[in-house]
Amino acid sequence: MNQTRRQFIKTGALATGAYLFLNSQINSEEVAKKTYSGEKSRVVLIRDKNLLNQDGSINVAVLEKMLDDGIKTLFKTDSAVDAWKLIIQSNDIVGIKSNVSGPPRTPIELEDILKFKVISVGVPPDKVSVDDRGVLRNPVFQNSTALINVRPMRTHHWSGVGSLIKNYIMFSPTPPAWHPDACAKLAGLWDLPIVKGKTRLNILVMITPLFHGKGPHHYSKEYTWNYQGLIIGTDPVACDATGLRIIMAKRKQHFGSEEPLYIPPHHIQIAQDKFNLGNADEDRIELIKLGWDENILI
Amino acid sequence: MAMLFIIFTLAFMNINSANIFNLPKEINEWKLEANTPERFTPETLYDYIDGNAEVYKSLGVNEVFVYRYHNLDKSDKEEIIVDIFDMNSSSSAYGAYHNDIRDLPSADIGAESEIMSNSLTFWKDKYFVVITGIGESENIKQTIIAIGKYIDSKIPNKGDPPHIINLLPKEGLISSQIHYFKNYDLLKVRFYLSEEDPFQLKDGCEGIVARYKLPEKSEDFLIFIISYTSEKDTTNALSKLKELCSVTTEDQGFTKSLSKRNSLFFSMKNYLVLFLDFKDRNIVKKYKQEIIALSNKRST
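Residues numbered from 1 in each chain as written. Chains lettered and ligands numbered in written order. Predicted model: local features only at pLDDT ≥ 70, side-chain atom pairs only at ≥ 80, totals over all residues. Heavy atoms only, no water.

A. Quick look at helix H4 (residues 90–97) of chain B. Residue and element names in this part refer to chain B. Summarising burial for H4: eight of the eight residues are buried, a large majority. Within the sequence span of H4, burial applies to Ser90, Ser91, Ser92, Ala93, Tyr94, Gly95, Ala96 and Tyr97. Buried residues belonging to H4 abut helix H3 (53–58), strand E6 (112–115), strand E7 (119–124), strand E8 (127–134), strand E9 (173–181) and strand E10 (206–214). (Buried < 20%, exposed > 50% of the residue type's maximum accessible area, 1.4 Å probe, protein only. Helix = DSSP H or I, 4+ residues; strand = E, 2+ residues; numbered from the N terminus. Contact = heavy atoms within 4.5 Å.)

Take a look at the structure:
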C-alpha cells in the first residue's frame, strides 16, 4: 500500500477530468470555513488502539483509515474522497506545513498520506510540497493557494504548547519576534499574506503527545504516552484548545493534581478573544469523538 | 613565521576544544557515534534546537558540543544525545540550568543536577550539560548517569552561582523557581512586564527573578533583583521603572500592564529590586528590609 502510494505521488497518475469539473464549481476556502463560521467549530477526535505497532512504529493502513474517517465525519460527506474534493481543487498549489522539530515530529507516514490525498484529487505532484523550516524559500509555499497544517502537540518552553497556531511561525522571517509574553500574539501569524485565508485543514497529531518537558530538547520519553489520536478540524484554535484539554487532563492524571503549564499557553485563548481566529471556549466547540475511547481523558 | 605559529596554535586549540571531554568510545552496550562532536555556535544553534536556541543565546552561549551514542544491540532509533553547552561563565551555566523549573531528584553530579528516567541535566563551572536518552533500553538510565559522571570528572572546577542569589530571603522562596537573565529578551517571554525593557539592561548587567509563596498568608509573588555596573545605570533604570509602574497604559488583554499590578521597587547601590504581584504591602516591606540587610552584610 505504502509502495503504491509513493509511486503514485511521483507520477500523479490519477488526476482526472471529473475532479477538475467538480472543483471548478467550488470555493474550497469557503467550504473549509463552514465548519466553524458563526457558531460552533466542529472538531473530530479520532483514536485507534491499533495505530501503534508493538515496536512503537506506525501502522500506516490504520493511520490512513483514521484520517479518512475523520475528514469524512468533519465535512459530513459519504466518502473521504468527497471531503478532499470539497477543500482542495485540482488547480490549487498546496503546501503541507509539517513540523520536524521534536521529538515527537509530524510522522513521515502522515506527510506521505496527506500528499497522496492531495494528488488524488488532481493536484499535479509538482504543485504540492511538504515543508517546515524551508517554507519561505519553497516555491510551492511561496505561490500556494491552499495550506494543510499538520503537527504534533507537545509542551513548549516559549509558548506553553506547540500548537497548530504556532506551527505557522516559520512563515515569519523573524520567528523570535513572536516570543514575548509566552508567544501571546501568535495568532497574528495567520494574517501574514503568505498564509492568510489559505488553510483548508488542520490536523493536530496526538499519537504520542508530550505533556511535560525541560531543557534544550524539551523532551523526555517518560512525559509522552500512547494516546494514538488525531484531532481534525478547519478551525486551528478549536483543534488546539481540544488538544490542550487532553494535555492538561494527562498532567492531572500523571502529577496527581492540577498542574498548570510552566509557560501559560494563553496564545490559544487570545487567538479567540483578540484575533477572532477561531473558537477556544469548550462550549463553542462541537467535539465529535470516534474510535477507541479508553482513557480518552475528555 | 609568526603567522605560521598563530595558525598552528589556533589549529591546536581547536582540536583540543573539540576533544575536550574525550568521551569513552564505548560504555555499557552503547557506542560513541563519532569521536569528534557536532559543534554549534550561537549563529547555528537554531539549526539544532530550533527556537530553544534563544534561551542559550541570550545567556551568552559560546559553543555547543553534541555527542551521540547508539545501542549496539538495538535499532538506530535508540540513542543517547550528549549536549555540552559552553556558556562562557558559571553564572550563565547556572542560568541555563535554572531556565527550567528544577524540582526533581538530584543525581549528585556537577554543581547541581536533576535526574529523570531518561535524562540527566547538570551544570558545573561554565558548562551546562544535558544527556537525553531516546529508546526503551533498560540500561539507558545507568548509561546516562555513567556518562554524566565521566563528564563531571573532566571538569575540575565547580564554579559559582551568580552572586545575586545571596540577596534572596529564604522564607517562602521556591528554590526550584529561581531564574537568571542578562537581557530583557529572555525575561519578557516568561515574565512579561512591558514592551520596552523596564530595567534598561545592557552589557554587564545580570538579574534574577524568584518566586515566593506564603500559603498561610495567601501570598504568591515575584522578586526581581538586578545588578548594574554603576549607580548611574541603576538610577536611570529606577526612573524608567517608576514611569512604567505609574503611567496607566491601555490593557492589552493578556498579561496586565505594570501599572495595574501591585509593585514595590527600590535601589541600593548598584542593585535594583522589584516586588511584583503581592497582596499585602506590609509583607513585602519586611522582605525589603531583609534584602537590604543581606546586601549590607555582603558589603562588610
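B. Geometry of the pairing of strand E5 (residues 79–86) of chain B. All names here are of chain B. For E5, the buried fraction is high: eight of the eight residues fall into the buried class. Going residue by residue along E5, you find Glu79, Ile81, Asp83 and Phe85 tucked away on one face and Ile80, Val82, Ile84 and Asp86 tucked away on the opposite face as well. Summarising the sheet, E5 and E8 pair through eight bridges and their orientation is antiparallel. Note on E8: the bridge partner recorded for Phe85 is Phe128. (Pairing = 2+ DSSP bridges.)

C. A look at the sheet that holds strand E13 (residues 271–276) of chain B. Residue and element names in this part refer to chain B. Spatially, E9-E10-E11-E13-E12 is the arrangement adopted by the five strands of the open sheet, whose pairing is antiparallel. Of all strands in the sheet, those with a lone pairing partner are E9 and strand E12 (263–268), marking the two edges. Averaged over all adjacent pairs, the angle separating strand axes in this sheet is 15°, with direction ignored. Sheet analysis places E10 next to strand E11 (residues 219–227), joined by nine bridges and oriented antiparallel. Of the residues in E11, the one forming a bridge with Ala210 is Ile223. Contacts from helix H7 (residues 231–246) reach E12 and E13, with the element oriented near 170° to E12. Those strands touched by helix H8 (residues 281–299) are E10, E11, E12 and E13, and its axis lies near 15° from that of E12. (Axes fitted to C-alpha atoms, helices over the stretch in contact; angles between N-to-C directions.)

D. Region of interest: the interface of chain A and chain B. Facing the 30 residues of chain A at the interface are 40 residues of chain B. When the area that chain A buries against chain B is broken down by residue, the three leading residues are Lys214, Pro216 and Tyr262 of chain A, summing to 24%. For the pair chain A and chain B, the interface holds two salt bridges. Here Lys214 of chain A makes a salt bridge to Asp103 of chain B, at a shortest N to O gap of 2.9 Å. In this structure, the connection of chain A to chain B is made through 15 residue pairs in polar contact (both at pLDDT 80 or more). By residue number, the principal contributor to the side of chain A that touches chain B is helix H8 (residues 180–183) of chain A, which donates three residues. (Buried area = accessible area lost by both parts, 1.4 Å probe. Salt bridge = Lys/Arg side-chain N within 4 Å of Asp/Glu carboxyl O. Polar contact = N/O pair within 3.5 Å; in protein donor to acceptor, adjacent residues only side chain to side chain.)

E. Structural context of the state of the cysteines. Considering all chains together, one arrives at zero disulfides over all chains under this definition. With no disulfide of its own, Cys239 of chain A lies 19 Å from the sulfur of Cys183 of chain A, the closest cysteine sulfur. Residue Cys205 of chain B stays outside any disulfide, its sulfur separated by 18 Å from that of Cys245 of chain B, the closest cysteine. (Disulfide = S-S within 2.5 Å.)

F. Just the packing of aromatic side chains, in detail. A full pass over the atoms with the stated rule returns 21 aromatic pairs over all chains. Seen from their ring centres, Phe40 of chain B and Tyr48 of chain B are 4.7 Å apart, and the 10° between their planes marks the pair as stacked. Each of the two residues, Phe40 of chain B as well as Tyr48 of chain B, counts as buried. Chaining the aromatic ring pairs together yields one cluster made of Phe211, Tyr223, Trp225, Tyr227 and Phe255 of chain A. The ring of Phe266 of chain B has Lys288 of chain B lying over it, and the distance from NZ or CZ to the ring centre is 4.9 Å. (Phe/Tyr/Trp six-rings, centres within 6.5 Å; stacked < 30°, edge-to-face > 60°. Lys NZ or Arg CZ within 6 Å of the ring centre and 35° of its normal.)

G. Representation of the nonpolar core in the model. Membership of the largest hydrophobic core comes to 97 residues, with the highest contact counts inside it found for Leu45, Tyr56, Ile225 and Phe275 of chain B. Excluding residues within four positions of it along the chain, Leu45 of chain B makes contact with Phe40, Asp50, Ala53, Tyr56, Val61, Val64 and Phe85 of chain B. Ile58, Leu110, Ile113 and Val118 of chain A belong to the second-largest nonpolar core, a separate cluster that totals 38 residues. (Core = buried A, V, L, I, M, F, W, Y, C linked by side-chain atoms within 4.5 Å.)

H. Expanded view of the packing of helix H4 (residues 60–75) of chain A against helix H6 (residues 108–120) of chain A. All names here are of chain A. Where H4 contacts H6, the axes come no closer than 10 Å and their chain directions differ by 50°. One way to sum up the angle between H4 and H6 is to call them oblique. Of the two elements, H4 crosses H6, and the hand of that crossing is right-handed. Between H4 and H6, the residues in contact are Val60, Leu63, Glu64, Leu67 and Asp68 and Glu109, Leu110, Ile113, Leu114, Phe116 and Lys117, respectively. (Parallel < 35°, antiparallel > 145°, perpendicular 65-115°, else oblique. Left-handed = near helix turned anticlockwise from the far one by under 90°.)

I. Molecular detail of the pattern of salt bridges. What the rule picks out here adds up to 26 salt bridges over all chains. A salt bridge links Arg211 of chain B to Asp220 of chain B; its shortest N-O distance comes to 2.6 Å. Of the residues examined, Arg211 of chain B reaches a relative accessible area of 23% and is grouped as partly exposed. Where salt bridges share partners, they join Lys214 of chain A together with Asp100, Arg102, Asp103 and Glu114 of chain B into one cluster.

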